[in-house]
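# Chains, contacts and geometry: an overview
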Amino acid sequence: MNHNYRSSRRRFLASLGLGAGAAFLGPIATSLHQRAYGAEPTRRKNIVFIAMSAGLPDLQLGWPSRTDETHWELHEALAPLAPWKERMLVVRNLSLGLGAMQHSGGYGLMAGLGAGDGETPLGNAPQGQTIDQLIAEQISRDTPVRSLLFGIDQSEAKVMHQTIFASGRDQPLPHPVRASKLYESLFPGAAENQAHAQADRRVMARIHRDVERLSRRLAAEERGRLGTYLESLEAFDRRRSAAQCLAPNAVSEARGAVAELPVMLDMASIALRCGLTHVVGCSVGCGNSHFHFPHLVGPHLGTRFEAQGFVGEHGHDGEEVYSDARTISFRWLSQEVAAFLRQLEPAGGESLLRDTVVVLYSDGGHAHHNLEEGNWRFILIGDAGGALQTDGRFLSYRGDVPWEPLRPDTRSVNSLWCTLAQAVGAPIDAFGIGGARTNGPLPELLS
Amino acid sequence: MSGRSTLLSAVALLTACEGQIGGSLPSTSTNPSPSASPAPRLETCAAPAPGPARIVRLSAEEYRSTIAVLFGGRSLRLLELGPTPVQFTAPFSYARSSDRYSTYGGLAPVTEVDVDESWQAAALIAEAYLETIKERALSCFPPTGLDRSCLAPILSTIIERLWSRPAAPDELSGWLEEVAGSASELEPLEALRTLIRQLLLTPDFLFRTEIGGPGGLTPFERARGVAAALTQSPPDDALWRAAQSGALSSPQSVGAEVRRLMASPEELPTLRGFLNEVLDFRATLGVVKDPTRFPKHKPGALAEDTQQVLDVLIKEHARSGLLREILSTDLIFVRSATKESWGVQAEVTAEGVFLRDASRSGILTHPAWLTGYSENDHNHIVRRGRFIRERLLCGSVPSLPIGMVPRIEQTAGTSYRQKLEQHSRDPNCFACHRSMDPLGFAFEAWDHLGRPQEMDNGAPVDTRGRLDSLGTADVDYANAKQMMEHLASAPAVQECWVRQLFRYYRGHEATATEECEVKQLAKLYADSGEDTLAVIEALFVSPAYLERQGGAP
């Protein structure tokens, strides 16, 4: 199997640092820049969620090459992350009952749905707020971008998608799955976007006028419904236009997961460095259906998938094929995450990773269906300013049964979410619908 | 009864009904189900009141078909509404978990997701449409300024195609001023692009208005509403002309157009859509069967098998006894890829063939439905029973409390039914299970792949059960065929069928004041020889639809 594949991406930050971009900084961004680089007395923490679709099997996690908590070996799928192994914390066998038979946890995973009834349309509709948004409400409330969400999708025609992030029940949050769209929304002040911005303002103004005109013909209740259009439009507009920060060169039009994810991760690193947000969510093909798994073209070369032309999900193709596909896919993702981590702590520059925790996981737990619900696993990189005991640890819990009564030693995904929230400055004691199956933060993970 | 006389009866019924009604048909049951959720009881059944003035958000399909009309013109026949010259993701495809039918989305709030998708789609469509008018439209921007008389007809065409109504003179002049304003800031091409985006994002396009005036809905509101409800498209040429000529002013004239659009019911996308949603046989696509253990399970093909049968039933029975046929037909469609699931021994072609199978009794005994209402590797008596309770009897069953995930483990020699019965005897479980399980036992004649079975896990299958809340006395049944016969004839099931039609085509639950109308429609259905199309027609000639209150012209 060939694991020497390297993407031919063009990294923004390699050629365009803050200095080069400073010419484009507006007053707000300058202020944000200053805050992010020491003018502010307290350092804000960052959290980055990177979720890969369809399972992170034990083998690729490194299990069972572990003799105790600190003696274990990274599997080749995660080998690119080796430089950060000592700042890594791996946890396996956390429980979360989803009660759904889909390929991924959909919204249920990050909404911390403690248990399902087997019929809840998880993935089709969010049942509650996802953890990234809860944290963002606390730590990103005064940043231009509450949370920077993006991802990739199998379909190269798609520009937006909603799969795993939600601000509340039945309130999915869309995210761009095109690098060019993320660029356009994050850097509307770029020169090439100016004409578009002017036109956008005219469109917005006209819709406002039309809504007001039509509202006058409606009774109060219907006016309210029409009003939601305006509210959503304004929220959308804020998200697009508030982020006046760096303006790197326009992204290339190259399409596909392999070409676009690195560029989007670069933009995420810019957003964190500029203080545009403190919360990043990246969905690598996550979602509820069978159709969103990214087709990786490039990493397939020299592998058993070469004739097929891509590496996909392959959950139905037998254990061996599935395992090979996961190794290749996670190897590719690990390379991209490693490049992202390097952006956060450039050689000779200030380390942003010091105040950050990157959470790498799969929306399908251990396998593409995750029916066992007792073995979700996560890789944490970075200790969020010393709040987490990472130190190269590998914790394997006993594996709870999600539908059994909560015990003092129950270790659930919801408890991990509480732990992470506390670590980055948004303390909570319970998470999930009704605080389902939460023992509060996990003390053994906190410093 | 002819379509014409049915319509007149419908109009008469909907405007002159009085009497005592209840939320559900009277039951002679001595042990009424606790799960039945009767609709509000009204003291008198008055004529349907005018509905509220409101706006209805487009569906994704309406959006797509309207864009097809933008590019292709209104003379396109419904079936010709194919792909547009531009690829885009139609907004409003997201369904709320609480919505019973996709059509409920018309009253859903516009979310940030919707705005995002609308915004992206508008940009793509504007770019592509601009290409089709660029040369002519740019000639309206001479160096001396915007030539309004040149741009006006181009603008009028776009508005008519997108909004399904002509622009009023003051609206047209307002939009021309908008373009002039844009042109003062932007290049002409960008100003035109902006104009098309504006027209695609204005609420006049994204929402259908049902506001009307003193005479009820305007002719164009009627045309757009009827077309959307029946064809998921803008008005076709004939309906547009009828609206233009003022021929849609009476309920009878609206009824005539409704009948015209339903002349070939098998081509009616919404009737197909309704049956897909109410019968939910495509649920099979979401139930995963291990392909290594069940390599011959082909859910997509099974769903298409059932669709083939439904298309025949629509064509032959939409005017009489469609529900009865759906619940009792022995017509099946089998192809070589699915014959094992059907348990058919005979040779069949890859393309498929219609057969009669006396062991099957209606769509709910097709492998598509049976597998859709099964688990990964066993039947799901409870879900199947719940389906009957909720979809055919319009009852309700409470959802499981959060945190409660009962698992029923099978042991050798014990059937799933036997294990379920043990579980259901638990006092905590009995109240809900007794309203579902007895309705689901009939389907144990088939395994979780839809194949006939006589043994389950080493124990003989037992397909006996009991039906309640039928609107007649409770009855025992021995097997699925008997159960379906009882259901097909039950007054409560027929009323529920009408209620489901009401919900789907009106796009919301019946309100307390609309309960009367549901009762009248149920009577119409019975009196018309179980004519499903007559019920649909009546929904759109009712004063509750044609007349509105609470809006301003």
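Residues numbered from 1 in each chain as written. Chains lettered and ligands numbered in written order. Predicted model: local features only at pLDDT ≥ 70, side-chain atom pairs only at ≥ 80, totals over all residues. Heavy atoms only, no water.

On to the overall build of chain A. Along the backbone of chain A there are 12 helices and 11 strands. Looking at chain A alone, contacts between residues at least 24 apart form 74% of all its contacts between residues at least 6 apart. Accessible surface computed for chain A: about 15600 Å², of which carbon and sulfur atoms make up 51%. (Helix = DSSP H or I, 4+ residues; strand = E, 2+ residues; numbered from the N terminus. Contact = heavy atoms within 4.5 Å. Areas by Shrake-Rupley, 256 points an atom, 1.4 Å probe, with all protein chains shown as cover.)

This brings us to the sheet that holds strand β9 (residues 356-362) of chain A. Residue and element names in this part refer to chain A. With respect to topology, 7 strands assemble into an open sheet ordered β3-β8-β1-β9-β10-β2-β11, the strand pairing being mixed. This sheet does not close on itself; its edge strands, each paired only once, are β3 (148-152) and β11 (393-396). Going from strand to strand, the sheet's axes swing by 15 degrees on average, the running direction of each strand aside. Pairing of β9 with strand β10 (residues 376-381) involves 4 bridges; the strand directions are antiparallel. When the sheet's bridge partners are listed, Val 359 is paired in β10 with Leu 380. Packed onto the sheet, helix α10 (residues 257-273) meets β1 (46-52), β3 and β8 (279-284) and runs at close to 170 degrees relative to β3. (Pairing = 2+ DSSP bridges. Axes fitted to C-alpha atoms, helices over the stretch in contact; angles between N-to-C directions.)

To continue, consider the state of the cysteines. All names here are of chain B. One pass over the structure, following the stated rule, counts 2 disulfides over all chains. Each disulfide pairs two cysteine sulfurs, and for Cys 140 the partner residue is Cys 150, the sulfurs being separated by 1.9 Å. Handedness here is read from the sign of the S-S torsion; for Cys 140 and Cys 150, about -65 degrees, the answer is left-handed. Of this pair, Cys 140 sits in the loop between α3 (112-138) and α4 (148-163) while Cys 150 sits in helix α4, and the two are 10 residues apart along the sequence. (Disulfide = S-S within 2.5 Å.)

All names here are of chain B. Compared with the 16 Å implied by 1.5 Å per residue over 12 residues, the 16 Å span of helix α16 (residues 381-392) between its first and last C-alpha is a close match. The element α16 is extensively covered by neighbouring structure, given that 10 of its 12 residues are classed as buried. Those residues of α16 that fall on the buried side of the exposure criterion are Ile 381, Val 382, Arg 383, Arg 384, Gly 385, Arg 386, Phe 387, Ile 388, Arg 389 and Leu 392. (Expected span 1.5 Å × (residues − 1). Buried < 20%, exposed > 50% of the residue type's maximum accessible area, 1.4 Å probe, protein only.)

Taken together, the 63 residues of chain B in the interface contact 59 residues of chain A. Contact between chain B and chain A buries roughly 5300 Å² in total, counting both sides, with carbon and sulfur atoms accounting for 59%. The three residues of chain B that bury the most area against chain A are Tyr 94, Glu 112 and Trp 119 of chain B, which together make up 13% of that side's buried surface. The residue Asp 200 of chain A makes a salt bridge to Arg 197 of chain B at a minimum N-O spacing of 2.5 Å. Where chain B meets chain A, there are 17 residue pairs in polar contact (both at pLDDT 80 or more). Looking at the side of chain B that touches chain A, the elements that each hand over two or more residues are β2 (54-57), α3, α5 (169-185), α6 (188-201), α7 (203-206), β3 (207-210) and α16 of chain B. (Buried area = accessible area lost by both parts, 1.4 Å probe. Salt bridge = Lys/Arg side-chain N within 4 Å of Asp/Glu carboxyl O. Polar contact = N/O pair within 3.5 Å; in protein donor to acceptor, adjacent residues only side chain to side chain.)

Residue and element names in this part refer to chain B. Of the two faces of β3, both are covered, the one formed by Phe 207 and Thr 209 as well as the one formed by Arg 208 and Glu 210. Examined bridge by bridge, β2 and β3 share 4 bridges and lie antiparallel to one another. From the neighbouring strand, Arg 54 faces β3, where its bridge partner is Glu 210.

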